[in-house]
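Spelled out, the chains give:
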Amino acid sequence: MKPGETKRFDPILPVAIELSQEHSLLCLDEFQVTDIADAMILKHLFAGLFGEGVVLIATSNRPPDDLYKGGLQRSNFVPFITQLKSNCDVLNLDSPKDYRMDGIASDQVYHLTTKAGTEEMMEKIFIEQAADRADVPVSDVKEECMKLRVLGRDIVVRRCFGRVAIFTFDELCSQPVGAVDYLEICKHFDVVLLTNIPQMNIFKKTEARRFIILIDTLYDGKVGLIMSAASPIHQLFVKPSKRDKQLVLQSESIILDDLKIKQDDESLDLNVFSGEEEEFAFERAQSRLNEMQSKEFWQEHKQLRNSK
């Protein structure tokens, strides 16, 4: 080190060392990388973990070579992929069959807002579910408003009764909420009704991402989900056209200039502009939503609730 120079401090390495002192095996489900910040943190974190001899077991919907595919400044992340492959054996467990599609669908949990009477139907279901969960007559169901305290702030549940709550899409997906908020909702409610889900596209990527996280959280928590939406499940996310991508590219010109990225056709394939990551994630969410509609899922949900 030259005189006058200061050594750069790596805040991630101490975290890796501390983790390795507590754990020799790290198991991760649904391993994915979706933004440049996560990509850079993972690169340094796992370099430290592997250096300390920690063993990693992970599942992912993408092979290592496709991690952070189409991401901004992906070239800075690629060395981590080489490191990951050199420290882990990659096993392909892909199946040509999606077993979540085998369940017998219930016609009571997914309703189209394009059909007359859907709003009234959702209100009726809310009352019936609330009465059933609380084991009281329908006439005894009185809507309540409650606040859930999360990390020093409140999540307002405007309509609930007992272990059943009803939310609009805007309340859970258009507001600054995330996984920790959804986990808190899962702790308090056995059944969630989500109304007025719109079709989503590249211009609603933030809402789409929150919706996917919400579905994942409710699925893992075995929470019953009843929805009303503008379209069938397989049409909820609209694939962007080239013109859509160009419009997003133009709206993000400041980011492009800062990163010295040209506004050309090649840039249209970057995840931040293409919507490919959301489209990929939506395919998995669609599979989970299909399972969550099945009678088998609701039977398992009921058994879990009765065992509490």
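You'll find the structure just up there.
The rules behind these values
Residues numbered from 1 in each chain as written. Predicted model: local features only at pLDDT ≥ 70, side-chain atom pairs only at ≥ 80, totals over all residues. Heavy atoms only, no water. Helix = DSSP H or I, 4+ residues; strand = E, 2+ residues; numbered from the N terminus. Buried < 20%, exposed > 50% of the residue type's maximum accessible area, 1.4 Å probe, protein only. Contact = heavy atoms within 4.5 Å. Areas by Shrake-Rupley, 256 points an atom, 1.4 Å probe, with all protein chains shown as cover. Patch = residues over 30% accessible without salt bridge, like charges linked within 9 Å, V, L, I, M, F, W, Y side chains within 5 Å. Salt bridge = Lys/Arg side-chain N within 4 Å of Asp/Glu carboxyl O.

S.K.: Break down the overall build of the protein chain for me, with residues and values.
M.R.: Tallying secondary structure elements over the protein chain gives 12 helices and 8 strands in all. Expressed as a percentage of the 308 residues in the protein chain, the buried residues total 40%. In the protein chain, 76% of the contacts between residues at least 6 apart in sequence involve partners at least 24 apart. When the accessible surface of the protein chain is summed, it comes to about 17700 Å², and 52% of that surface belongs to carbon and sulfur atoms.

S.K.: For unusual backbone geometry, give the residues involved together with the corresponding values.
M.R.: Across the chain, the bulk of peptide bonds are trans and the bulk of non-glycine residues have phi less than zero. Despite not being glycine, tyrosine 68 shows a phi value in the positive range, around 55°. Residue tyrosine 68 is classed as buried on the basis of its relative accessible area, which comes to 2%. In this structure, lysine 222 takes a positive phi of about 55° despite not being glycine. As for its position among the elements, lysine 222 is in the loop between helix H7 (205-220) and strand E8 (224-229).

S.K.: Describe a nonpolar patch on the surface, and please don't skip the residues or the numbers.
M.R.: Taken together, Leu25, Val55 and Ile57 make up a surface patch of nonpolar side chains, about 260 Å² in accessible area. Relative to the helices and strands, isoleucine 57 resides in strand E2 (residues 55-58). Of the residues examined, isoleucine 57 reaches a relative accessible area of 48% and is grouped as partly exposed.

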